[in-house]
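Structural features, examined
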Amino acid sequence: MQPGIITIVGAGLIGGSLGLAAKERGLARTVRGIGRQRPSLERARAVGAIDEGFLEPGPALKGANLVIFCTPVDRIAEQILAYAPFCLPGTLLTDAGSTKGSIVAAVEEKLPAGIAFVGSHPLAGSEKRGADHADAKLFEGRLTVVTRTPRTDPNALEKIVAFWQAIGARVTVMAPADHDRALAMTSHLPHLLAAALAGMLPPELYDLTATGFRDTTRIAAGDPGLWTAIFAHNRDALLEALARFDQGARQLQAALETRNWPEVESLLRQAQKVRDALGN
């Protein structure tokens with residue numbers, strides 16, 4: 001993609017990191033941010049994530065080549081449909097939401113002529129929030145899923161893939177439903193389990209938590225509102241993943257109840273094998 005104007009809707013951790021990366025790699029002549037609060041936009045500008053901040057979409061989208069929606073998943077589709085009429089024909093739209101099926105379905109075939117949307121999800125981030133934690137190298141070597149359906153514009157898909165590759169990400173292309181089933185297992189279920197574990201800890205045991213408990217529950221510090229929206233959008237796939245986890249937990253429970261220590265060790269070895277295969 002030729003350097004031009006990139007507009008980021010929601011210049012927090014992900015959006016701010018995208019702005020920094022695009023500027024560092026010469027992918028944007030200007031990065032604009034759209035937000036709901038002026039102080040957040042000023043903070044994003046102060047750290048160099050955006051060049052200009054706007055509270056309204058009209059001036060922020062004027063002449064933009066690429067618009068990236070980095071807001072909570074329950075807002076993305078509505079914002080895309082509301083902002084698209086301000087864009088010129090040829091503008092590309094994408095997002096960074098961690099659910100894809102409902103967003104793509106709500107947007108496809110409802111955009112103005114000449115405006116193309118391709119869903120994206122960079123598998124990067126942390127439990128931290130805000131532009132203060134933005135990092136230009138956040139996406140380097142990390143996988144980004146770009147979604148394709150029978151209605152996806154091939155040229156737009158190619159350009160969005162090229163954009164993520166240009167900021168250092170690895171890219172795979174998947175159907176939205178396949179993405180949601182996979183992320184339910186690899187991202188949404190881990191957050192649910194971390195939250196459940198953290199939530200059951202009584203105050204009198206706080207001082208007895210060490211590295212194991214704190215590492216396991218780290219992601220439970222994520223924004224509850226954001227994660228509630230993710231769970232709502234991917235409810236069915238998350239319930240399937242939770243049922244699969246429950247089956248595995250019951251295997252361990254049964255082995256413990258019957259004092260079947262060889263079975264316990266076998267299950268732990270299988271888990272160790274999978275974790276070792278994932279690397280750091």
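Structure shown above.
Everything numeric in this text was worked out from a predicted model, so none of it was measured.

1. Considerations on the pattern of salt bridges
Close approach of charged atoms lets side chains of opposite charge pair. This model, assessed by the stated rule, comprises 13 salt bridges. Notably, a salt bridge pairs D246 with R250, separated by 2.8 Å at the nearest N-O pair. Here D246 and its partner R250 are both found in helix α10 (residues 235-257), 4 residues apart, which amounts to about one turn of the helix. The exposure class assigned to D246 is partly exposed, which follows from its relative accessible area of 34%. Bridged by salt links that share partners, the residues E108, E109 and R151 form one connected network.

2. Concerning helix α7 (residues 176-199)
Every α-helical turn comprises 3.6 residues, leaving residues that sit three or four positions apart pointing alike. The sharpest bend along α7 comes to roughly 50 degrees, located at A184. Residues P176, H179, D180, L183, A184, H188, L189, H191 and A194 constitute the buried set of α7.

3. Describing unusual backbone geometry
One non-glycine residue with positive phi stands out, namely E109, at about 65 degrees. Along the chain, E109 falls in the loop between α5 (101-107) and β6 (116-118). Unlike most non-glycine residues, R259 shows phi in positive territory, near 55 degrees. Structurally, the position occupied by R259 is in the loop between α10 and α11 (261-278). For R259, a relative accessible area of 62% translates into the label exposed.

Quick notes on the rules
- Residues numbered from 1 in each chain as written.
- Predicted model: local features only at pLDDT ≥ 70, side-chain atom pairs only at ≥ 80, totals over all residues.
- Heavy atoms only, no water.
- Salt bridge = Lys/Arg side-chain N within 4 Å of Asp/Glu carboxyl O.
- Helix = DSSP H or I, 4+ residues; strand = E, 2+ residues; numbered from the N terminus.
- Buried < 20%, exposed > 50% of the residue type's maximum accessible area, 1.4 Å probe, protein only.
- Bend = angle between axes of the 7 residues up to and from the residue.

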